Every structure is written in C-alpha cells, then in structure tokens.
Amino acid sequence: MEKDVFCKIVDGEIPCYKLFEDEDVLAFLDISQVTKGHALVIPKKHYDTFLSTPDKLMHKVMDVAQRIGQISIQFLGAKGVNILTNCYEAAGQTVKHFHVHVIPRYEGHDGFELEMKSNVEGLNLPVIAETIKNNL
Ligand code: AMP
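Numbering of residues begins from 1 in every chain and follows the order in which that chain's sequence is written. Reporting of local features is limited, given that this is a predicted model, to residues whose pLDDT is at least 70; pairs of side-chain atoms are given and counted only at 80 or more, and all residues count toward the totals for whole chains, interfaces and linings. With hydrogens and water stripped out, all remaining heavy atoms of the structure feed into the side-chain values.

Brief notes about the site of the ligand
Part 1: What makes a residue near a molecule or strand is one non-hydrogen atom of that residue sitting within 4 Å of it. Neighbouring the ligand are 16 residues; Asp30, Asn86, Thr94, His99 and His101 lie closest to it.
Part 2: Contacts described as polar in this section are N or O atom pairs within 3.5 Å, which, within protein, must combine one atom able to donate a hydrogen with one able to accept it, while residues neighboring in sequence count only if both atoms come from side chains. Valine 95 places a polar main-chain atom, nitrogen or oxygen, 3.0 Å from an oxygen atom of the ligand.
Part 3: Measuring from an oxygen atom of the ligand, one finds a side-chain N or O atom of histidine 99 at 2.8 Å.
Part 4: Throughout, the Shrake-Rupley method with a 1.4 Å probe supplies accessible areas, and for residues the shown protein chains are the sole cover considered. If the ligand stood free it would expose 510 Å²; the protein chains cover 83% of that surface.
Part 5: Those elements that place two or more of their residues in the shell around the ligand are α1 (5–10) and β2 (25–29).
Part 6: A per-element tally of the shell around the ligand places α1 first, with 3 residues.
Part 7: Across the shell around the ligand, the residue classes break down as 8 nonpolar, 7 polar and 1 charged. Starting at the N terminus, helices and strands are each numbered in turn, a helix being any DSSP run of H or I of at least four residues and a strand any DSSP run of E of at least two. Here the term charged refers only to Asp, Glu, Lys and Arg, the term nonpolar to Ala, Val, Leu, Ile, Met, Phe, Trp, Tyr, Cys and Pro, and the term polar to all other amino acids, Gly among them.

In structure tokens:
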C-alpha cells in the first residue's frame, strides 16, 4: 500500500518544519497556513483517524496539541485557538493519517472561518440522546 504523506514525513522522505518529536508523536507546521502558526500533531505510527487511534496514544497527541495551543497564545500573539481533527472524507479529512490541527486565531479576519450554526430542524433529540447514551 502507498504510504500517506504523513508517514513519509515521519520516515524523513518529505521535509517539514518540525516543532516537536518523541518516540510516539510528531508535530510540524501545516504546509498551507490557514493562520500564522497553523500546526499539525500526529502519531508516528499510522492510524487512519482519531476514532481508530488507541486511547493512550491519542492522549499523547492531544497533550502536544494543547501545549502548542498554549504557546500560540503566549508567544505568537494569538487570542484564541481552534483544535480540530477531521475524521473521514465526509468530515473533510484529506490525509488518512490521524492528525490534530492547532489553528491559532487572531483578532479580526484572520483567514479562518468556522461557523457552527444550527441548520437542521425536526430532530428527535430524546431518541438521539438515548442512542448515544446507551452505547457509551
Ligand atoms: P485534513 O483536511 O484534515 O486531512 O488536513 C490535511 C492537512 O495536511 C492540510 O491542512 C494540508 O495543508 C496538510 N498537509 C498536506 N501535506 C502536507 C505536508 N507535506 N506538510 C505539511 N502539511 C501538509
């Protein structure tokens, strides 16, 4: 199977602006900077998405994402941070290797649009809640 681009970065076959590395986790700048300092944090071992990554490893990835978010505010002048991970194509995932986006946010129009507005009506919330709750 063809290696994905992040496996190639882990293996040193593609360069990156590396931010952090240990035996399990790698962080680097996103090649398309949505905002200044937009970073990606990945497990070195390949897992397709956040949803399929073993919990201890997922926690390690999130720890590094949290630290980079803090640094974005302390040292890059960000006023906020969006931490997000796209799972599967339907959610906009293009690289099929679990990654967390750390997107620093700046005052005014900083280049990133994330609008969460309610646009579905007529949902049966009690049934939806029961379905999730009963399967947790
Ligand atoms: P997603 O849409 O969540 O799968 O995001 C994939 C991200 O990977 C995009 O923001 C790309 O800009 C980024 N990306 C793709 N190739 C590279 C690369 N070689 N180095 C750094 N970031 C990359």
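What follows picks up the thread again.
Some points on the nonpolar core
Nonpolar side chains tend toward joint burial in soluble globular proteins.
Part 1: Residues Val25, Ala27, Ala39, Val41, Met58, Val61, Val64, Ala65, Ile68, Phe98, Val100 and Val102 constitute the largest nonpolar core, which totals 12 residues.
Part 2: Elements that contribute at least two residues to this core include exactly β2, β3 (39–43), α2 (55–75) and β5 (100–105).
Part 3: The leading source of residues in this core is α2, at 5 residues.
Part 4: In terms of nonpolar packing, the next biggest core, distinct from the first, is built from 7 residues, Phe6, Ile9, Ile42 and Val95 among them. By nonpolar core we mean a set of buried residues, namely Ala, Val, Leu, Ile, Met, Phe, Trp, Tyr and Cys, connected to one another through side-chain atoms within 4.5 Å. Accessibility here uses a 1.4 Å probe with only protein chains present; expressed as a share of the type maximum, an area under 20% marks a residue as buried, one over 50% as exposed, and anything in between as partly exposed.

Notes on α2
Part 1: Across its 21 residues, α2 extends 30 Å between first and last C-alpha, which sits within 8% of the 30 Å expected from 1.5 Å per residue.
Part 2: Within α2, the full set of buried residues consists of Leu57, Met58, Val61, Val64, Ala65, Ile68, Gly69 and Ser72. Mapping the buried residues of α2 onto a view down its axis gives an arc of 145 degrees, with all of them on the same face. Exposed residues pointing more than 90 degrees away from the buried face of α2 are listed as Lys56, Gln66 and Gln74.
Part 3: Next to the buried residues of α2 lie β1 (18–21), β2, β3, β4 (80–84) and β5.
Part 4: Directly after α2, the chain includes glycine 77, whose backbone phi takes a positive value near 85 degrees. To estimate how far a helix should reach, multiply one less than its number of residues by 1.5 Å. Here the arc refers to the directions that run from the helix axis out to each C-beta atom. Whether two residues are in contact is decided by their heavy atoms: any pair within 4.5 Å suffices.

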